[in-house]
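# Summary of the model geometry
Read off the chains here:
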Amino acid sequence: MSTESFQIDINQIPDANNLKIGIVVSNWNSNITNNLLKGSLDLLYSKKVIKDNIQIMNVPGSFELVYGCKKMQEKQVDVVIAIGSVIKGETKHFEFICNATSNGIKDLNVNGRCPVIFCVLTDDNLKQSIARSGGELGNKGTEAAIAAIKMAII
Ligand code: DLZ
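The paragraphs below set out a description of the structure included in this document. Predicted, not measured: the structure shown is a model, and the values here were computed from it.

### Comments concerning helix H3 (residues 93-111)
Along an α-helix, residues three or four apart share an orientation, since each turn contains 3.6 residues. For H3, spanning 19 residues, the distance from its first C-alpha to its last is 27 Å, which sits close to the expected 27 Å at 1.5 Å a residue. Of the surrounding elements, those touching the buried residues of H3 are helix H2 (65-74), strand S3 (79-87) and strand S4 (116-123).

As structure tokens, then:
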């Protein structure tokens with residue numbers, strides 16, 4: 001049984017028609033990241049974010065998210081969402097990518113001009129990733145978009 005929980009009344013999230021949002025998406029495991037992106041966009045549009053106020057940037061892999069988000073912070077956006085999917089393989093690549101990406105995004109939150117939301121799945125296998133990107137455990141992209149609106153209006 002999963003212990004994950006994210007209970008929120010979507011109606012309590014304010015409309016965000018004035019917000020400018022940057023989304024940086026990793027192309028690695030794009031079947032997963034595209035679903036996360038869709039989850040984010042659906043939520044943002046439901047909260048009246050204007051399509052022209054959303055800038056989307058693609059990067060090759062999660063390791064490149066930090067640089068992409070840094071560039072995105074330099075644009076006139078109120079918040080950035082970093083979307084990626086790292087799936088454990090047979091080598092230590094997983095640890096290096098996860099550590100570098102999470103630390104890099106943390107640093108951008110400390111030093112950058114606007115918040116960066118961490119929407120990077122770090123799963124043991126593809127089944128877990130599918131479950132969290134629009135499957136039985138919801139869509140972390142949707143949750144990231146909610147976090148983005150909350151952080152942008154702080
Ligand atoms: C190389 C690599 C590997 C093995 N696995 C993943 C992954 O599961 N998820 C992901 O987003 N990226 C992966 N990458 C690519 C790296 O993030 C990066 O793009 C390359 O190392 C080039 O810097």
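### Re the site of the ligand
Looking at the ligand, the residues that line it are Ser26, Trp28, Asn29, Gly61, Ser62, Phe63, Glu64, Ser85, Val86, Ile87, His93 and Ile97. One nitrogen or oxygen atom from the main chain of Phe63 is found 3.1 Å from an oxygen atom belonging to the ligand. Within the backbone of Ser85, a nitrogen or oxygen atom sits 2.9 Å from a nitrogen atom of the ligand. Considering the ligand on its own, with 490 Å² of exposed area, one finds that the protein chains cover 72% of that surface. Sorting elements by how many residues they give to the shell around the ligand places S3 first, with 3 residues. Here the shell around the ligand is built from residues that sort into 5 nonpolar, 6 polar and 1 charged.

Reading the values: the criteria
- Numbers given to residues run from 1 along each chain, matching the order in which its sequence is written.
- Under the rules for a predicted model, residues below a pLDDT of 70 receive no local features and side-chain atom pairs below 80 are neither given nor counted, while totals for whole chains, interfaces and linings still include all residues.
- In computing side-chain properties, one takes all heavy atoms of the structure into account and sets aside hydrogens as well as water.
- Think of it this way: any DSSP run of H or I at least four residues long counts as a helix, any run of E at least two long counts as a strand, and we number them from the N terminus.
- Helix span, as expected, comes to 1.5 Å for every residue beyond the first.
- Any two residues having at least one pair of non-hydrogen atoms within 4.5 Å are treated as being in contact.
- Only heavy atoms are used to decide nearness, and a residue is near a molecule or strand if one of them lies within 4 Å of it.
- Under this definition, polar contacts are N or O atom pairs within 3.5 Å; protein pairs additionally need one hydrogen-donor-capable and one acceptor-capable atom, and for neighbouring residues in sequence, both atoms have to be side-chain atoms.
- Per-residue accessibility takes into account occlusion by the displayed protein chains alone, with areas from the Shrake-Rupley method and a 1.4 Å probe.
- Charged residues are taken to be Asp, Glu, Lys and Arg, nonpolar residues to be Ala, Val, Leu, Ile, Met, Phe, Trp, Tyr, Cys and Pro, and polar residues to be all remaining types, Gly included.

None of this, on its own, says anything about what the molecule does.
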